[in-house]
Amino acid sequence: MVQGDRPDDSMDAEQQQGRGEQLLLFVGGEAALCPSGGGEAGSRSEPVGERQATSASEGNRALETDALMERICAPENLKRAYKQVKRNRGGPGIDGMTVADLGPWLKAHGEELVTGLLDGSYEPEPVRGVEIPKPGGGMRQLGIPTVKDRFVQQAFLQVLDPMLDPTFSESSYGFRPGRSAHQALRKAAEYVAEGRTIVVDVDLEKFFDRVHHDGPTFGRCPMGRLARRIADKRVLRIIRRMLQAGIMKDGVVIERYEGTPQGGPLSPLLANLLLDELDKELEKRDHRFCRYADDSNIYVKSQAAGERVMASVTRFLEKRLRLRVNRAKSTVAHVSERKFLGYRLLAGGRLAIAPKSLERVKGRIREITRRNRGVSLERMISELNSYLTGWVTYFRYANAKGHLQRLDEWIRRKLRCVRLKQRKRAKPIADFLMQQGVPEWRAWRLAMSGKGWWRMAGSPPAAEAMTLGWFKDQGLVNLTERYLALQH
């Protein structure tokens, strides 16, 4: 066991006892990791005393984090990490191991894993490179760690997050416990209501790919900032390996010297750790701002002030933090011309759904209701309900009744179109319309009209056959009704 990084190279009796407890964790396999009772306490944050310790000087904090790995490897923490990885699910990494395989693997290799963590020799595997389309165009690179590496990252996160999060800015809202996008939007609305109607919208170019691990600005990179807070070199060494783990694409492992891979549990915390320096700089300058992950909006009262802020913040990000500002997407404009977290801010601090968010939801509805999908109407409605219920719940704070009424009408016409096309020929179409109460002559007139499916779906007989009540019987969620119910 390598102990050169510890204050005392010998293992005392207390450490030996702790090791024994940690190894016992895996003896019972999945059942031992997830007992039926007594584990709920592990889902809470660190004790109050430990949170209070984070407000001490950095020197004291470093001393108190000297044995951090023992806390990470504590049985209760590992149980919680296992449960969370199971809840998160997700796909396999490069080794093909699924979440369902994790329990048996830990039963067989848990002792080896804990030993590697405690002596600092644990080596993360390369992440699986995956590209997904970005809502605004382009592709986003994700790095999917193996399931066992996600388990380790989750165990690290559960100990590090309660230590680091209380030191972050009050104006940071992304991926933090007890904070949300809606809180960021409410604060932004307050700034606009105060007359700060010009927004400095700073877009970081490929932020998660540009984060430097160390180098000339080591003190201002994630590893440098961690080293100021954490004395346990085993923890720092393994996090560095996580950051530098290669990324596998097309069967080839590519080495990485910068970036924090999106896809692992630790990625958001490390991103917040770096961008907290930007937050502190903005606070020092007495700016009003909201940051959600790498999306930063600064609110000022005039265009000239906004231009000055944009220039100075760009210099700070590029010279001090060595990040790249996307000048094509960053801008200074009236708040109504920009979107923030899918919303658009209006005069007086009112919220509306951003036009791009409406375009996006319509695009998703088109995908679900494609007429050539070959699925039943019932399945389409089930998929729509699942997506739209979450969507309208997120946008419940927007002034959106009119938009939602029009969207409801458009969705019903899409589904009428699907139902008519599923009947295929004139006689089945006429039979269906008559079954729904349309007079025979009108039903046959529409069925024999030769119109396209979309035009037929917008006709009075189609609306008469497939009424609001008919859609309610099919179980379709009504966005307007759902939205109004959420206002109470």
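**Observations concerning empty space enclosed by the protein**
Rolled over the atoms, a probe sized like a water molecule indicates the empty space that remains.
And then number 1: Tallied over the entire structure, the rule returns two cavities of 30 Å³ or more.
And then number 2: Taken as a whole, the second largest cavity encloses approximately 40 Å³ of empty space.

**Brief notes about helix α15 (residues 355–368)**
And then number 1: With 14 residues, α15 should reach 20 Å at 1.5 Å per residue; the first-to-last C-alpha distance of 20 Å fits that figure.
And then number 2: The complete set of buried residues in α15 reads Ser357, Leu358, Val361, Ile365 and Ile368. In an axial view of α15, the angular spread of the buried residues amounts to 100 degrees, which keeps them on one side of the axis. Set apart from the buried face of α15 by more than 90 degrees, the exposed residues are Lys356 and Glu359.
And then number 3: Next to the buried residues of α15 lie β10 (351–353), α16 (377–394) and α17 (401–423).

**So, the side chain of Ser459**
And then number 1: Within the secondary structure, Ser459 sits in the loop between α20 (453–457) and α21 (460–465).
And then number 2: One polar contact links the side chain of Ser459 to the main-chain carbonyl oxygen of Met456, over a distance of 2.6 Å.

**Here's the deal with the packing of α15 against α16**
And then number 1: At their nearest, the axes of α15 and α16 sit 10 Å apart, and the two run at 165 degrees to each other. With respect to their mutual orientation, α15 and α16 come out roughly antiparallel. For α15 against α16, the interelement crossing comes out right-handed. Contacts from Ser357, Leu358, Arg360, Val361, Arg364, Ile365 and Ile368 in α15 reach Met380, Glu383, Leu384, Tyr387, Leu388 and Trp391 in α16.

**Section: the environment of Pro124**
And then number 1: Inspection of the secondary structure puts Pro124 in the loop between α7 (99–118) and β1 (127–133).
And then number 2: Note on Pro124: relative accessible area 15%, which makes it buried.
And then number 3: Between the C-alpha atom of Pro124 and that of Thr146, which follows or precedes it by 22 residues, the distance is 8.5 Å.
And then number 4: Once residues within four sequence positions are removed from consideration, Pro124 is found in contact with Asp149, Ile238, Arg241 and Met242.

**A few points about the pattern of salt bridges**
A side chain of one charge can pair with a side chain of the opposite charge when the charged atoms of the two come close.
And then number 1: Going through the model one piece at a time under the given rule, you end up with 27 salt bridges.
And then number 2: Here Lys284 ties to Glu281 by a salt bridge, and the two come within 3.3 Å at their closest N and O atoms. A residue pair is termed a helical-turn pair when its members lie 3 or 4 positions apart in one helix, as Lys284 and Glu281 do in helix α13 (residues 267–284) at three residues.
And then number 3: Residue Lys284 is classed as exposed on the basis of its relative accessible area of 65%.
And then number 4: One salt bridge connects Arg285 with Glu281, and the closest N-O pair in it is separated by 3.1 Å.
And then number 5: The exposure class assigned to Arg285 is partly exposed, which follows from its relative accessible area of 31%.
And then number 6: Put simply, Arg225, Asp276, Glu277, Lys280 and Arg320 are held in one network by salt bridges that share partners.

**Remarks on unusual backbone geometry**
Most peptide bonds adopt trans geometry, and most residues besides glycine take a negative phi value.
And then number 1: One non-glycine residue, Asp286, adopts positive backbone phi at about 65 degrees.
And then number 2: Examined against the element boundaries, Asp286 turns out to sit in the loop between α13 and β6 (288–292).
And then number 3: Backbone geometry places Arg322, a non-glycine residue, at a positive phi of 60 degrees.
And then number 4: Mapped onto the elements, Arg322 comes out in the loop between α14 (303–320) and β8 (331–334).

Thresholds applied
Residues numbered from 1 in each chain as written. Predicted model: local features only at pLDDT ≥ 70, side-chain atom pairs only at ≥ 80, totals over all residues. Heavy atoms only, no water. 1 Å grid on protein atoms, 1.4 Å probe; cavity = no way out; pocket = protein on both sides within 12 Å on 5 of 7 lines; lining within 4 Å. Points joined across faces, edges and corners; volume = space filled by probe spheres on them. Helix = DSSP H or I, 4+ residues; strand = E, 2+ residues; numbered from the N terminus. Expected span 1.5 Å × (residues − 1). Buried < 20%, exposed > 50% of the residue type's maximum accessible area, 1.4 Å probe, protein only. Arc of directions from axis to C-beta. Contact = heavy atoms within 4.5 Å. Polar contact = N/O pair within 3.5 Å; in protein donor to acceptor, adjacent residues only side chain to side chain. Axes fitted to C-alpha atoms, helices over the stretch in contact; angles between N-to-C directions. Parallel < 35°, antiparallel > 145°, perpendicular 65-115°, else oblique. Left-handed = near helix turned anticlockwise from the far one by under 90°. Salt bridge = Lys/Arg side-chain N within 4 Å of Asp/Glu carboxyl O.

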